[in-house]
Amino acid sequence: MAVLVTGGAGYIGSHTAVALHEAGREVVLIDNFINSSPAAVDAIRALTTPDLVFVEGDLRHRAQLDAVFEAYDIDEVIHFAAHKSVSQSVSAPLEYYDNNLGATIGVADAMVKHGVRKLVFSSSCTVYGQPDVIPVTERAPIRAESPYGWTKVMSEQILRNTAAAEDLDVALLRYFNPVGAHESGTLGEDPNGVPDNLAPVVMAVAVGRLDKIGVFGGDYATPDGTCVRDYVHVVDLAEGHVAALDALDTTLRGTCTAINLGTGIGSSVLEVIAAAEAAVGEPIAYEIVDRRPGDIEQIYADASLAAEVLGWRSQRDLAAMLRDHWTWQSMHPDGFVR
Ligand code: NAD
Ligand code: WQD
């Protein structure tokens, strides 16, 4: 029996593939490399087994997906594949709805057709927008603020309805802000084009690809005036997926449950830069610039449900996140060679 990991060459999917292998599970990866590289598959195989199965394909191609379910003995799915840029989703909403909803529907349909009942889905804290109460629990109102965010809200709803109709067991994992890399430095985040997430921008400055970081706003109502987020190590997230698959057989059986995956700790932009400076061993230039439209002031997770139902808690702190991200980035200043 194998776990199908969609988006398996991507940032979180690749780390999860390694964690699944370490947990003794058979893994089948599928990806169309729209935001990743075949070199990531080589890196996963180097950390796991040269025989690890990888299929190149687009989840919207139903026949291709059917062939994968027919060729391999899939009994569980982790569905990561999606476009993930908030800003791109605002300029190309149809592309985002087509890809993200098309992929989710394709995966759910193939599962139903092939009698596969267990699914872990990549959702996001973006479904909460700016919550009224922090730390935010899974019961907080849904307030997506971008087409990307809506694709997560809608995918959750599609899966809730399908789970009820088809008797699926589903975990909707709402990640906070993933940072870090595999501690070997051989696997890490490799965004296409100009980075816009904080850690890749900080690292681009550290390797000299950018002159300085523009810190988006220094006058928020937060302890140091910069925005606060819940940064979580990507390997902790990967281990959260293994825990979620296990829980689908126990605490989550017969349910479709949304669960926050975060540390429960809020860190400011300046705290992230300071942690990066400690990791790199050199100052990192930054400048406070205008607020970025659409940014929320602060959010961090109430992570108690994950502890309760998954038995999962993050293990790695901000220093470890930036240390591992830096190990990866310094070994691969230009990311994977595409
Ligand atoms: P990523 O872009 O690195 O990985 C996604 C992978 O999916 C890529 O390798 C891409 O090539 C693939 N893909 C996209 N559309 C596809 C399709 N139609 N068919 C086949 N493959 C396709 O992103 P990530 O950071 O690893 O994110 C994984 C998931 O987690 C996404 O669903 C994302 O929305 C969600 N998420 C990410 C973050 C974050 O900040 N990284 C936060 C919360 C949620
Ligand atoms: C983090 C903080 C910025 C870049 C996004 C998505 C969210 C989720 C995670 C997928 C913010 C500040 C950043 C820079 C800066 N993804 N920043 N200068 O916006 O919290 O969340 O990724 O689901 O949906 O919205 O992440 O990394 O872009 O920003 O000052 O050059 O860093 O203002 O406070 P964000 P981010």
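Bear in mind that the values here come from a model prediction, so they are computed numbers and not experimental data.

## Observations regarding the overall build of the chain
Okay, step 1: In terms of helices and strands, the chain carries eleven helices and 13 strands.
Okay, step 2: Taking 2.2 N^0.38 as the reference for a compact globule, 338 residues should give roughly 20 Å; the C-alpha atoms of the chain span a radius of gyration of 19 Å, in line with that estimate.
Okay, step 3: Here the C-alpha coordinates of the chain stretch approximately 55 × 45 × 40 Å along the principal axes.
Okay, step 4: Split into buried and exposed, the 338 residues of the chain put 57% on the buried side.
Okay, step 5: Considering only residue pairs separated by 6 or more positions, the chain has 81% of its internal contacts joining residues 24 or more positions apart.
Okay, step 6: Approximately 14000 Å² of the chain is accessible, and the part contributed by carbon and sulfur atoms is 51%.
Okay, step 7: Within the chain, one finds 23 positive and 46 negative side-chain charges whose respective centroids are separated by 4 Å.

## Side note on the site of ligand 1
Okay, step 1: Taken together, 28 residues lie near ligand 1, and Asp31, Asn35, Ser36, Phe80 and Tyr148 sit nearest.
Okay, step 2: One of the backbone nitrogen or oxygen atoms of Gly10 is found 3.3 Å away from an oxygen atom of ligand 1.
Okay, step 3: Here a nitrogen atom of ligand 1 and a backbone polar atom of Leu59 are 3.1 Å apart.
Okay, step 4: Here ligand 1 loses 95% of its free accessible area of 810 Å² to cover by the protein chains.
Okay, step 5: Secondary structure elements with two or more residues in the shell around ligand 1: helix H1 (11-22), strand S5 (118-124) and helix H6 (147-166).
Okay, step 6: It is S5 that contributes the most residues to the shell around ligand 1, three residues altogether.
Okay, step 7: Looking at the shell around ligand 1, its residues break down into 13 nonpolar, ten polar and five charged.

## Regarding the state of the cysteines
Okay, step 1: Applying the stated criterion to the full structure yields zero disulfides.
Okay, step 2: Just so you know, Cys125 is unpaired, no disulfide at all, and the nearest cysteine sulfur is the one on Cys227, 12 Å from it.
Okay, step 3: Its relative accessible area of 11% is what places Cys125 among the buried residues.
Okay, step 4: In this model Cys256 remains outside any disulfide bridge; the closest cysteine sulfur is found in Cys125, 18 Å from its own.

## Observations regarding helix H9 (residues 269-280)
The periodicity of an α-helix, 3.6 residues per turn, causes residues three or four positions apart to be oriented the same way.
Okay, step 1: With twelve residues, H9 should cover 16 Å at 1.5 Å per step; its first-to-last C-alpha distance of 16 Å lies within 8% of that length.
Okay, step 2: For H9, the complete set of buried residues consists of Val269, Val272, Ile273, Ala275, Ala276 and Val280. Down the axis of H9, the sector holding all buried residues measures 160°, keeping them to one side.
Okay, step 3: Buried residues along H9 sit against helix H7 (198-206), strand S8 (213-216), strand S10 (231-233), strand S12 (267-268), strand S13 (286-289) and helix H11 (318-331).
Okay, step 4: Looking one or two places after H9, you find Gly281, whose phi comes out positive at around 80°.

Rules and cut-offs
Residues numbered from 1 in each chain as written. Chains lettered and ligands numbered in written order. Predicted model: local features only at pLDDT ≥ 70, side-chain atom pairs only at ≥ 80, totals over all residues. Heavy atoms only, no water. Helix = DSSP H or I, 4+ residues; strand = E, 2+ residues; numbered from the N terminus. Rg over C-alpha atoms; globule rule 2.2 N^0.38 Å. Buried < 20%, exposed > 50% of the residue type's maximum accessible area, 1.4 Å probe, protein only. Contact = heavy atoms within 4.5 Å. Areas by Shrake-Rupley, 256 points an atom, 1.4 Å probe, with all protein chains shown as cover. Lys, Arg positive; Asp, Glu negative; His and termini not counted. Charge placed at Lys NZ, Arg CZ, Asp CG, Glu CD. Near = heavy atom within 4 Å. Polar contact = N/O pair within 3.5 Å; in protein donor to acceptor, adjacent residues only side chain to side chain. Nonpolar A, V, L, I, M, F, W, Y, C, P; charged D, E, K, R; others polar. Disulfide = S-S within 2.5 Å. Expected span 1.5 Å × (residues − 1). Arc of directions from axis to C-beta.

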